[in-house]
Amino acid sequence: MKYFLILMLGSLFLFSCGKKRMIKVSAINPATGEGYAYLPFKVTSSKSVFMETQYKTEYEGELDENGQAAFELRQKNSRSYSIATSTPNDDGSLPCYINDASMSFSKPGTNYNFQFEYAPCAYRTLKIENVNCEGVDDLFELDMRLLYDEDHTVFSFSPKSGCYSNQFNNEKVPAGKWVVEWWVTRSSNTNHFTDTIYISKNESFTYEINY
């Protein structure tokens, strides 16, 4: 009986402490693929106690010169966890693209690999003109999206008909590669065009479409 109690107490102790898991974290500029060196990061856990959520700092560290870090963390079944890095602002300005401000994890027994992405800002001007207008039935459609995150919406353009011409104001956008697609319909025939452009950090880029 004595040994059984010792075994039970030991099992409860191991369960409450949890097992150590490997956590990897990185922060990169998706426009260049370069890592953000020496960014601080922190792991926080939370637990609900009597209708109140209690928070605890579980781990704090700093990314290396390549923007990466790896460490062991003892996870408990009763707690939820989140990890976040500081936001890079080398030149005093915030990024124009952040994939996630923080990432959550809770499943014990799993090793994790978290990647945070921060893209700096650039500036884009669009000039569009129908130089071959045939009349009111001409139709122009346009789509622009980030190559590293095609679901990220920063540009909305409704179809334009007739002899359309416009120059858009200089707009702040995430730096990096952009995919540009447009469709021109004339006399019931639709032609599709595509292009890829790269806008560097703080660059003012003008893109013209004459259709």
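Computed from a predicted model, the values in this text were never measured in an experiment.

Engineer: How should I be thinking about the nonpolar core in this particular structure?
Structural biologist: Inside soluble globular proteins, nonpolar side chains tend to come together where they are buried. Formed by 25 residues in total, the largest nonpolar core has its most connected members in Phe140, Leu142, Met144, Val180, Trp182, Ile197 and Tyr207. When contributions to this core are tallied by element, the ones reaching two or more residues are strand E9 (121–129), strand E10 (139–146), strand E14 (176–186), strand E15 (189–199) and strand E16 (204–210). In this structure, Ile197 is in contact with Met144, Gly176, Lys177, Trp178, Val180, Phe205 and Tyr207, ignoring residues within four places of it in sequence. In this structure, Ile23, Phe41, Leu63 and Ala69 belong to the second largest nonpolar core, which totals 19 residues.

Engineer: Teacher, can you tell me more about the packing of aromatic side chains here?
Structural biologist: Aromatic rings considered in pairs are described by the distance between their centres and by the relative angle of their planes. Counted according to the given criterion, the structure contains 16 aromatic pairs. Measuring from centroid to centroid gives 6.1 Å for Tyr36 and Tyr118, while their planes differ by 75°, and the two rings are edge-to-face. With Tyr36 in the loop between strand E1 (19–28) and strand E2 (40–49) and Tyr118 in strand E8 (residues 112–119), this pair connects stretches of sequence that are 82 residues apart. Each of the two residues, Tyr36 as well as Tyr118, counts as buried. Taking 5.2 Å as the distance between ring centres and 45° as the angle between the ring planes, the aromatic pair formed by Phe105 and Phe114 counts as tilted. What makes Phe105 buried here is its relative accessible area of 4%. Through successive ring pairs, a cluster of aromatic residues spans Phe140, Phe157, Tyr164, Phe168 and Tyr211. Between the NZ or CZ atom of Arg124 and the centre of the ring of Trp178, over which it lies, the distance is 5.0 Å. It is Lys160 that lies over the ring of Phe157; its NZ or CZ is 5.5 Å from the centre.

Engineer: Mind showing me how you'd approach the sheet that holds strand E4 (residues 68–75) here?
Structural biologist: Hydrogen bonding along the main chain pairs the strands of a sheet, whether they run parallel or antiparallel. Spatially, E4-E1-E8-E6 is the arrangement adopted by the four strands of the open sheet, whose pairing is mixed. The strands lining the two open edges of the sheet, one partner per strand, are E4 and strand E6 (97–98). With six bridges connecting them, E1 and E8 associate as parallel partners. Residue pairing for E8: Ile28 is matched across the bridge by Glu117.

Rules used throughout
Residues numbered from 1 in each chain as written. Predicted model: local features only at pLDDT ≥ 70, side-chain atom pairs only at ≥ 80, totals over all residues. Heavy atoms only, no water. Core = buried A, V, L, I, M, F, W, Y, C linked by side-chain atoms within 4.5 Å. Buried < 20%, exposed > 50% of the residue type's maximum accessible area, 1.4 Å probe, protein only. Helix = DSSP H or I, 4+ residues; strand = E, 2+ residues; numbered from the N terminus. Contact = heavy atoms within 4.5 Å. Phe/Tyr/Trp six-rings, centres within 6.5 Å; stacked < 30°, edge-to-face > 60°. Lys NZ or Arg CZ within 6 Å of the ring centre and 35° of its normal. Pairing = 2+ DSSP bridges.

Bear in mind that shape data such as this cannot, by itself, settle questions of function.
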